[in-house]
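Breakdown of the fold
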Amino acid sequence: MAWRRSPILRLAAQIQFLLALFAASSSIVHAAQDFYKLLGLKRSATAKEIKKAYRAKSLEFHPDKNKEEGAAEKFAEIAYAYEILTDEEKKGIYDRHGEEGLKQHEQRQGQGGGHGGFDDIFSHFGFGGFGGGGRRQREQSTPNVDVPLRLTLKQLYLGDIIEVEYVRQTLCVNWQECMRNQQECQGPGVKVKMQQIAPGFVQQVQQRDERCVAPGKMWRNNCKECPNGQTQAEKIELTIDVQKGMYPGEPISFEGVADEKPGMTAGDLNFVIVQEKDEHYHRDGDHLYVTMEIPLVDALTGFSHEFTHLDGHKFTVNVSGVTECDHVMRVSGKGMPRRGGRGGFGDLYITFDVDFPDSLTEDQRKGIRKILGKGGSDEL
């Protein structure tokens, strides 16, 4: 009868094989490059500056002109760095997670969206991953920032373009060199340790550790590459496009412009509209409201009145007949521009406030009685 290994021995052999496979795969990973340093750039470099630096470096190390040993390899590295930094998606991944995160992204694309790293090697052979059953931790983002944007009713009626400066925290240029591997780090600020609670029994204990900046990565304190810490202040210029008819409380958002932090995507910067009080008009949705005081004689006999709108154009309202106190008149199409692709304008509602005289002379009283009185006494 053929000898068969027990399930425990087969499991031990599989684990030993997987550990050897993981060690072999780790040995072929080359040292991480700093693409910005490679091109002689700051981390805040613009697309124009990146292109200019690439041209200079590629000419310097072009194999046809530079015959020194290693020039060809350097030229290839420069070309790859330029490819990454001019691709918006890849640049974003590199800025947040470094070259290692970029490699994992490319691996997932090549595998049709698989998972990378130590957990996945085990999962391919039917084992659950370590530290969470093979589940990938959802990428965190820094908090969104809301900034009040005070606008006049005229600006909201006409639309406006506003240039502003904003100071945010961006990652230190050489932040990747200040991180070290630490498998206990499960994400920004999260550390998980295995603690034995009884012979043969262990449990995961989650702790708060601000040194953990990403899964498997810990920040090195007092790092010379980033003497001021993980981030540095950066002043950026933004153009705020205020669309016609925007509402109070509506945000104008800039994605990924809030503060940066290692291991996190940057949150959004939201300029939230605060509508300032107008001297003449009151707004409710797409409609405008105004109160107009008229003398008693106009209320009785009719009148015409010229209004000046928010954009300065003038229009005339004609009223015939008697106008009651607090009467409301609707003027179609004289409200705010409509949002949401509906087009056109809302309406203007005019409330008439009749101004009665404080007193009348005797002749005025008799004259009004004569005109309006119908069979009543001459005495008032």
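In short, a report on the structure. A quick note: this is a predicted structure, and the numbers were derived from the prediction, not measured. (Residues numbered from 1 in each chain as written. Predicted model: local features only at pLDDT ≥ 70, side-chain atom pairs only at ≥ 80, totals over all residues. Heavy atoms only, no water.)

Quick notes on the packing of helix α3 (residues 47-61) against helix α4 (residues 71-85)
For the pair α3 and α4, interaxial distance at closest approach is 9 Å and the crossing angle is 165 degrees. Of the possible angle classes, the one that applies to α3 and α4 is roughly antiparallel. Judged by the twist between their axes, the crossing of α3 over α4 is left-handed. Across the interface between the two elements, Ile50, Lys51, Tyr54, Lys57, Ser58 and Phe61 of α3 pack against Ala71, Lys74, Phe75, Ile78, Ala79, Tyr82 and Leu85 of α4. (Axes fitted to C-alpha atoms, helices over the stretch in contact; angles between N-to-C directions. Helix = DSSP H or I, 4+ residues; strand = E, 2+ residues; numbered from the N terminus. Parallel < 35°, antiparallel > 145°, perpendicular 65-115°, else oblique. Left-handed = near helix turned anticlockwise from the far one by under 90°. Contact = heavy atoms within 4.5 Å.)

Thoughts on the state of the cysteines
In this structure the tally under the stated criterion is 3 disulfides. A disulfide bridge connects cysteine 172 with cysteine 226, and the sulfur atoms are separated by 2.1 Å. Measuring the twist about the S-S bond at about -95 degrees, one finds the cysteine 172-cysteine 226 disulfide to be left-handed. With a gap of 54 residues between them, cysteine 172 in the loop between β2 (160-171) and β3 (179-181) and cysteine 226 in the loop between β8 (217-219) and β9 (231-242) connect regions that are remote in the sequence. For cysteine 172, a relative accessible area of 7% corresponds to the buried category. Note on cysteine 226: relative accessible area 4%, which makes it buried. Here cysteine 185 is linked by a disulfide to cysteine 212, with a sulfur-sulfur distance of 2.1 Å. On the sign convention where negative means left-handed, the S-S torsion of about -70 degrees between cysteine 185 and cysteine 212 marks this disulfide as left-handed. (Disulfide = S-S within 2.5 Å. Buried < 20%, exposed > 50% of the residue type's maximum accessible area, 1.4 Å probe, protein only.)

Examining the pairing of strand β6 (residues 201-208)
Among the 8 residues in β6, 0 count as buried, and that is only a small part of the element. Bridging between strand β5 (residues 190-198) and β6 involves 8 bridges; their strand directions are antiparallel. The residue bridging lysine 193 from the neighbouring strand is valine 205, located in β6. (Pairing = 2+ DSSP bridges.)

Thoughts on the pattern of salt bridges
Taken as a whole and assessed by the stated rule, the structure comprises 15 salt bridges. Where glutamate 165 meets lysine 235, a salt bridge forms, and the shortest distance between an N and an O atom there is 3.7 Å. Linking glutamate 165 in strand β2 with lysine 235 in strand β9, this pair joins segments that are 70 residues apart in sequence. In terms of burial, glutamate 165 and lysine 235 fall into one category: exposed. For glutamate 260, the salt bridge goes to arginine 168, with nearest N and O atoms at 3.8 Å. Taken together, the residues glutamate 260 in the loop between β10 (251-254) and β11 (269-275) and arginine 168 in strand β2 connect sequence positions 92 residues apart. (Salt bridge = Lys/Arg side-chain N within 4 Å of Asp/Glu carboxyl O.)

Quick notes on the packing of aromatic side chains
When we look at a pair of aromatic rings, we describe it by the centre distance and by the angle of the planes. Applying the stated criterion across every chain, the model contains 9 aromatic pairs. With 5.6 Å between their ring centres and 90 degrees between their planes, phenylalanine 35 and tyrosine 80 make a pair best called edge-to-face. In this pair, phenylalanine 35 is assigned in helix α2 (residues 35-38) and tyrosine 80 in helix α4, connecting sequence segments 45 residues apart. Among the aromatic residues, ring-to-ring pairing joins Phe35, Tyr36, Tyr80 and Tyr94 into one connected group. (Phe/Tyr/Trp six-rings, centres within 6.5 Å; stacked < 30°, edge-to-face > 60°.)

Side note on the sheet that holds strand β4 (residues 185-187)
Spatially, β4-β5-β6 is the arrangement adopted by the 3 strands of the open sheet, whose pairing is antiparallel. Two strands lie at the open edges of the sheet, namely β4 and β6, each paired on one side alone. Recorded for the sheet is a direction-independent mean angle of 40 degrees between the axes of neighbouring strands.

Here's the deal with the nonpolar core
Buried together is how nonpolar side chains tend to be arranged in soluble globular proteins. Membership of the largest hydrophobic core comes to 36 residues, with the highest contact counts inside it found for Ile252 and Ile350. If we skip the residues at most four places from it in the chain, isoleucine 252 touches Leu149, Ile240, Asp241, Val242, Met246, Leu269, Asn270, Phe271 and Ile273. Ranked by size, the runner-up nonpolar core spans 16 residues in total, among them Tyr36, Ile50, Phe61 and Ile78. (Core = buried A, V, L, I, M, F, W, Y, C linked by side-chain atoms within 4.5 Å.)

Concerning the sheet that holds strand β7 (residues 212-214)
Spatial strand order, β3-β8-β7: 3 strands in an open sheet with antiparallel pairing. Each edge of the open sheet carries a strand with a single partner, namely β3 and β7. With direction set aside, neighbouring strand axes in the sheet form an average angle of 45 degrees. In terms of strand pairing, β7 meets β8 through 2 bridges, oriented antiparallel. By the bridge assignment for β8, alanine 214 is matched with lysine 217.

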